[in-house]
Amino acid sequence: MHWKTKATLQNAVSRLPSESSYATYYWLQRHFGGLRRINPVERLQAGIETWKQIEQLDHDPINKIFFEVGTGRVPMTPLAYWLMGAKGVITIDLNPYLKAELTKECLQYMADHVEEIQALFGPRLNQKRFDALRYLQRQNDFNLQSLLDLCQITYIAPGDAARTGLSPASIDFHTSFNVFEHIPRDVLMTILAEGNRIISDAGLFVHRVDYSDHFSHSDTHISPINFLQYSDAKWNRYADNRYMYMNRLRHDDFLALFGSNGHKILATEPAIDKASLELLSEGRLNVDARFGDKAVEVLATTASWIISSKNAEASEALPT
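Bear in mind that the values here come from a model prediction, so they are computed numbers and not experimental data.

Student: I'd like to hear about the packing of helix α6 (residues 114-121) against helix α7 (residues 127-137), residue by residue, with values.
Tutor: One way to put it is that α6 packs onto α7 with a least axis distance of 12 Å and a crossing angle of 150°. The interaxial crossing formed by α6 with α7 has right-handed handedness. Every residue of α7 that contacts α6 at V114, I117 and Q118 is listed here: Q127, F130 and R134.

Student: Could you give an account of the environment of Q10, naming the residues involved and the relevant values?
Tutor: Locating Q10 in the fold gives a position in helix α1 (residues 3-14). Taking the C-alpha atoms as reference points, Q10 and D232, separated by 222 residues in sequence, lie 18 Å from one another. When residues no more than four places from it in sequence are discounted, the contact partners of Q10 are Y25, F215, N241, Y243 and M244. Within the structure, the side chain of Q10 is placed 3.0 Å from the side chain of Y25, a separation counted as a polar contact.

Student: Which residues make up the nonpolar core, and what values go with them?
Tutor: Formed by 41 residues in total, the largest nonpolar core has its most connected members in L79, L83, M110, F121, L133 and L147. The element that contributes the greatest number of residues to this core is helix α4 (residues 76-83), accounting for 6 residues. Ignoring anything within four residues of it in the chain, the contact list for F121 reads L44, I48, A80, L83 and M84. Judged by nonpolar contacts, the second largest core, of 27 residues, contains A161, A162, L166 and L255.

Student: Tell me about helix α9 (residues 185-198), residues and numbers included.
Tutor: Taking 1.5 Å as the rise per residue, α9 with 14 residues should run 20 Å; its terminal C-alpha atoms sit 20 Å apart, in good agreement. Those residues of α9 that fall on the buried side of the exposure criterion are L188, I191, L192, E194, G195, N196 and I198.

Student: Go over the pattern of salt bridges, please, and point to the residues and values.
Tutor: Inspection of the entire model under this criterion finds 13 salt bridges. Among the salt bridges present, the one from E101 reaches R30, with a minimum N-O distance of 4.0 Å. Note that E101 is positioned in helix α5 (residues 100-112) and R30 in helix α2 (residues 18-32), a separation of 71 residues in sequence. Accessibility expressed as a relative area gives 39% for E101, which makes it partly exposed. In this structure R30 comes out as buried when scored by relative accessible area, which is 16%. The salt bridge involving K52 is made with E49; its shortest N-O contact spans 3.6 Å. Taken together, the residues K52 and E49, both in helix α3 (residues 41-56) and 3 residues apart, mark about one turn of the helix. When its relative accessible area of 24% is taken as the criterion, K52 is described as partly exposed. On the basis of relative accessible area, E49 is assigned to the partly exposed category, the value being 26%.

Student: Account for unusual backbone geometry, with residues named and values stated.
Tutor: Of note, the bond from A157 into P158 is cis; its omega dihedral lies within 30 degrees of zero at -5°. In this fold, P158 is placed in the loop between β3 (153-156) and β4 (171-177). For D58, which is not a glycine, the phi torsion comes out positive at approximately 65°. The residue D58 is located in the loop between α3 and β1 (65-69) in this model. Under the relative-accessibility criterion, D58 is labelled exposed at 76%. We note that Q152 has phi near 55°; this positive angle belongs to a residue other than glycine.

Student: Outline the pairing of strand β5 (residues 199-210), supporting the account with residue identities and numerical values.
Tutor: Counting buried residues along β5, 9 of its 12 residues qualify, which places the element largely inside the surrounding structure. As paired elements, β4 and β5 share 6 bridges and run parallel to each other. Residue pairing in the sheet places F173 in a bridge with L204 of β5.

Student: Go over α5 with me, naming the residues and quoting the values.
Tutor: Its 13 residues place the ends of α5 18 Å apart at the C-alpha level, agreeing with the 18 Å of an ideal helix rising 1.5 Å per residue. Inspection of α5 places L102, T103, C106, L107, Y109 and M110 among the buried residues, and these make up the whole buried set. Buried residues of α5, viewed axially, fall in a sector of 155°; they line one side. At its buried positions, α5 is contacted by α2, α3, α4, α6, α7 and α8 (144-150).

Student: Residue-level account of the pairing of β1, with values.
Tutor: Counting buried residues along β1, 5 of its 5 residues qualify, which places the element largely inside the surrounding structure. Residues I65, F67 and V69 line one face of β1 and the alternating positions F66 and E68 line the opposite face, and both faces are buried. Here 5 bridges tie β1 to strand β2 (residues 88-92), and the two strands are oriented parallel to one another. Opposite I65, over in β2, you have G88 as the bridge partner.

Student: Give a description of the environment of H182 that names residues and reports values.
Tutor: Within the fold, H182 resides in the loop between β4 and α9. When the C-alpha positions of H182 and K294 are compared, they lie 21 Å apart, and in sequence the two are 112 residues distant. Setting aside its immediate chain neighbours within four residues, H182 contacts H214, Y245, M246 and N247.

Calculation rules
- Residues numbered from 1 in each chain as written.
- Predicted model: local features only at pLDDT ≥ 70, side-chain atom pairs only at ≥ 80, totals over all residues.
- Heavy atoms only, no water.
- Axes fitted to C-alpha atoms, helices over the stretch in contact; angles between N-to-C directions.
- Helix = DSSP H or I, 4+ residues; strand = E, 2+ residues; numbered from the N terminus.
- Left-handed = near helix turned anticlockwise from the far one by under 90°.
- Contact = heavy atoms within 4.5 Å.
- Polar contact = N/O pair within 3.5 Å; in protein donor to acceptor, adjacent residues only side chain to side chain.
- Core = buried A, V, L, I, M, F, W, Y, C linked by side-chain atoms within 4.5 Å.
- Buried < 20%, exposed > 50% of the residue type's maximum accessible area, 1.4 Å probe, protein only.
- Expected span 1.5 Å × (residues − 1).
- Salt bridge = Lys/Arg side-chain N within 4 Å of Asp/Glu carboxyl O.
- Pairing = 2+ DSSP bridges.
- Arc of directions from axis to C-beta.

Put into structure tokens, the structure is as follows:
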């Protein structure tokens, strides 16, 4: 589907009353979009990669409390944390997207591909917990709440990650995976400020941000930085809705954002897209004035991990 056609459809559905809008968009995704066949591997991998980032900084994630911003349709990333030994996971979402039928399909996939799942987790897999999950999946009276209870997952939706109501210093890791790019900058500031309140002094913020134009994920005729050529006013006509809002902040903007909340940046992994870099270097894509003062390497950065700790005296300056 051409990206402008998809944008028009999303805008139309977003204007419906909330309950009808969610139901309609889900039906479209289920019959024509990415939910026609659900596969949990990518979402489990998100949890595993987050876990690895924590380990690389010499922190032990086992028996710790995770907080996830942006649950999505299935709780597979929180499930991955639990399968590797997390004490519990609190996952919060602005929209109540979680679906029992999709979750059941994910668990069925895991039951049908046991060796693949075991290989995916490797030595990090808690076999006893995996066996308990498989036993639950086989029960005739399986329901979503029983899964959440087994895996010590607290699901909050609709919820506000900027006002969680959690006790101070009650979590160990504040995480998200390809979510922060969908949240306005001012809201991100309040989410990180709330994160500072609820995370322990030794805790980590572990976030993976996708800086790419998400329309390029389904329309291969456009580049991952296609949206950088538009002004805010024009871009908002395409994507200022609940299903495809993108803040278009770049990697340097995010580093500054974390620094503004008193964070010390501990690690980043910026990924520069070579094709996008060529487009910019050869002048084949003219960016809007909003991005005109940024280096081409920053503009061509399409994703990065950002791992930080709170209350630093000053953020470390890292290459962008």
